[in-house]
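# A structural walkthrough
Listed below are the residues making up each chain.
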Amino acid sequence: MDDLIKSAFLNGPDLHVETEGEFAGWRTWSRDNFETHSGPFYHRMDDNRRIHCAFRVGKKHLNGLNHVHGGAFMAFADYCLFATASPVLEGPGVTVSFACEFLDAAREGELVEGTCEIMRAGGSMIFLRGLLKSGERPLFTFSGTLKRVKWRP
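Attention in this report is confined to the structure presented alongside it. Note on numbering: residues in each chain are counted from 1, in written sequence order. Per-residue local features of the predicted model are confined to residues with pLDDT of at least 70, and side-chain atom pairs are confined, for both listing and counting, to 80 or more; whole-chain, interface and lining totals are unaffected and use all residues. Excluded from the side-chain calculations are hydrogens and water; all other atoms, namely the structure's heavy atoms, are used.

Quick look at the pattern of salt bridges now. Should a side-chain nitrogen of Lys or Arg be within 4 Å of a carboxyl oxygen of Asp or Glu, the pair is scored as a salt bridge. Counting across every chain of the model gives 6 salt bridges. For D104, the salt bridge is made with R137, and the minimal N-O distance between the two is 2.9 Å. Residue D104 is found in the loop between β5 (93–102) and β6 (111–121), and its partner R137 is found in strand β8 (residues 137–148); the two are separated by 33 residues along the sequence. We call a residue buried when its accessible area falls under 20% of the maximum for its residue type, exposed when it is over 50%, and partly exposed in between, using a 1.4 Å probe and counting protein chains only. Relative accessible area serves as the criterion here: at 29%, R137 is assigned to the partly exposed category. Several salt bridges share partner residues, and in doing so they unite D104, E110 and R137 into one network. Segments assigned H or I by DSSP are reported as helices when at least four residues long, segments assigned E as strands when at least two residues long, and all are numbered from the N terminus.

In structure tokens form, the structure reads like this:
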């Protein structure tokens, strides 16, 4: 099962592996135009099969107060849900519920990191919860439910 999980994570047809910069070796997806535009967001799997996600805050992520816009946090958290669920998702999925709490602000130049855990993976639904941080400072908590969907070309 461990090899199957690792293979599903590493060999997706739309995965892009970054080759340069601070995220060299990290993965991102090429299929989602919104994430490509609003990110870039990245993920990797450590030796313990734990998924780590991250992005560097740029000017485009900021609101009028020069803090990360709440929508940017929410988009990144949704990305974290799918990155974490990808080894067990077994195909496409959609977000059916999402809840969040804003704890602190992040500013331009900060590294925002996200981690999630799968609380339960059933036949059609996957339940997760997660945390975004900058260093040791918690920024945002979230939970979500993903639904597996049948692929339609």
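Tracing the backbone shows V96 in strand β5. On the accessibility criterion, V96 (43% relative accessible area) is partly exposed. Separated by 29 residues in the primary sequence, V96 and M125 place their C-alpha atoms 9.0 Å from one another. Residue contacts are defined here by distance: any two heavy atoms, one from each residue, within 4.5 Å place the two residues in contact. Apart from the residues within four sequence positions on either side, V96 is in contact with M125, T145 and K147.

The values reported here are purely geometric and, on their own, carry no functional implication.
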